[in-house]
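Commentary on secondary and tertiary structure
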Amino acid sequence: MGIYDFTVKTNRGVEKSLADYKDKVLLIVNTASKCGFTPQFEGLQKLYDAYKDKGLEILGFPCNQFAAQDPGSNEEIQTFCKLNYGVKFQIFEKGDVRGENAQPLFKYLVAQKKFTGFDESSPMTPILMDALQKNFPEYLKGDDIKWNFTKFLIDRKGNVVARFEPMITPESIAKDIEALL
């Protein structure tokens, strides 16, 4: 099974095959509207604007699993993203991205790229680690997604080539995207 074998639902509930994105570079991100990392929508949109004509697609998947930071409906989330950050890339239906009820796509992504730790040089790392240790210590175990705005980079052949944890900003992965375009 590969990335193009998955079907996901748009924020309007319409099924969409990831095979529609063949020959594109993909950045798949689990998102949230009320998170300390939410301003990354701005950076994601800048990446999309800069590289969409060269073959980049950004796919956002809202998730409410992390401290209930995306409680809105699919429509409310889409409106928030457009009004506050000018998001034009595809936002999909809200769903789980970790654990037993995780969307199959995210189970696949995590199996392809394991958790290798947080960027220790980021000022956000101690804050996130503290929150996880105090409130969600089980999230620190295994390879599952740890928090909102975990990003997976997929090349034009559908290979998952990189995983970026939340504190890695969209701007800082532009060079990785460029290398695949």
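Next up on the list: the environment of V29. Within the fold, V29 resides in strand β3 (residues 25-31). By relative accessible area, V29 is classed as buried at 0%. In sequence terms V29 and L44 are 15 residues apart; their C-alpha atoms lie 9.3 Å from each other. Among residues more than four places away in sequence, those in contact with V29 are L44, L59, G60, F61, F149, T150 and K151.

Moving on, we get to the nonpolar core. Counting 57 residues, the largest nonpolar core has I3, L27, I28, L47, L105, L109 and W147 as its most contacted members. When residues no more than four places from it in sequence are discounted, the contact partners of L105 are I3, F6, V8, L18, I28 and F61.

Once that is clear, we can look at the sheet that holds strand β6 (residues 151-154). Hydrogen bonds between backbone groups are what pair the strands of a sheet, and the pairing can be parallel or antiparallel. Taken in spatial order, the five strands line up as β5-β4-β3-β6-β7 in an open sheet, and their pairing is mixed. Bordering the open sheet on either side are β5 (90-91) and β7 (160-164), each of which pairs with just one other strand. With two bridges connecting them, strand β4 (residues 56-62) and β5 associate as parallel partners. Of the residues in β5, the one forming a bridge with L59 is Q90. Running at roughly 155° to β4, helix α1 (residues 40-51) makes contact with β3, β4, β5 and β6 of the sheet.

It is worth spelling out the side chain of T38 at this point. Mapped onto the fold, T38 is located in the loop between β3 and α1. You can call T38 buried: its relative accessible area is 3%. In terms of polar contacts, T38 uses its side chain to reach the backbone carbonyl oxygen of A32, at 2.8 Å. Within polar-contact distance, the side chain of T38 engages the backbone nitrogen of C35 at 2.8 Å. In contact with T38, other than residues within four places in its own chain, are A32, S33, F80, Y85 and F149.

Turning to the pairing of β7, a few remarks are in order. When you tally the buried positions in β7, you get four out of five residues, the bulk of the element. Both β6 and β7 contribute to a ladder of four bridges, which runs antiparallel. Bridged to F152 within β7 is R163. Taking the residues that link successive antiparallel strands as the turn, the β6-β7 hairpin has five residues, and the phi of G158 there is positive, at about 90°.

Side chains that differ in charge, positive against negative, can pair when their charged atoms come close. All chains considered together, the criterion is met by six salt bridges. K16 is the partner of D20 in a salt bridge, and the nearest nitrogen-oxygen pair spans 3.1 Å. The partner of K175 in a salt bridge is D176, with the nearest N and O atoms 3.7 Å apart. A relative accessible area of 27% places D176 in the partly exposed class.

So, about the packing of aromatic side chains. Summed over all chains, the structure comprises 12 aromatic pairs. Where F6 meets Y108, the ring centres are 5.2 Å apart and the plane angle is 50°; that geometry is what we call tilted. With F6 in the segment before β1 (7-9) and Y108 in helix α3 (residues 104-112), the pair connects residues that are 102 residues apart, well separated along the chain. In this pair, the class of F6 matches that of Y108, namely buried. Both rings, one in Y48 and one in F89, keep their centres 6.1 Å apart while their planes meet at 70°; by these two values the pair is edge-to-face. In this pair, Y48 is assigned in helix α1 and F89 in the loop between α2 (74-85) and β5, connecting sequence segments 41 residues apart. Residues Y48 and F89 agree in their burial class; the two are buried.

Rules and cut-offs
- Residues numbered from 1 in each chain as written.
- Predicted model: local features only at pLDDT ≥ 70, side-chain atom pairs only at ≥ 80, totals over all residues.
- Heavy atoms only, no water.
- Helix = DSSP H or I, 4+ residues; strand = E, 2+ residues; numbered from the N terminus.
- Buried < 20%, exposed > 50% of the residue type's maximum accessible area, 1.4 Å probe, protein only.
- Contact = heavy atoms within 4.5 Å.
- Core = buried A, V, L, I, M, F, W, Y, C linked by side-chain atoms within 4.5 Å.
- Pairing = 2+ DSSP bridges.
- Axes fitted to C-alpha atoms, helices over the stretch in contact; angles between N-to-C directions.
- Polar contact = N/O pair within 3.5 Å; in protein donor to acceptor, adjacent residues only side chain to side chain.
- Salt bridge = Lys/Arg side-chain N within 4 Å of Asp/Glu carboxyl O.
- Phe/Tyr/Trp six-rings, centres within 6.5 Å; stacked < 30°, edge-to-face > 60°.

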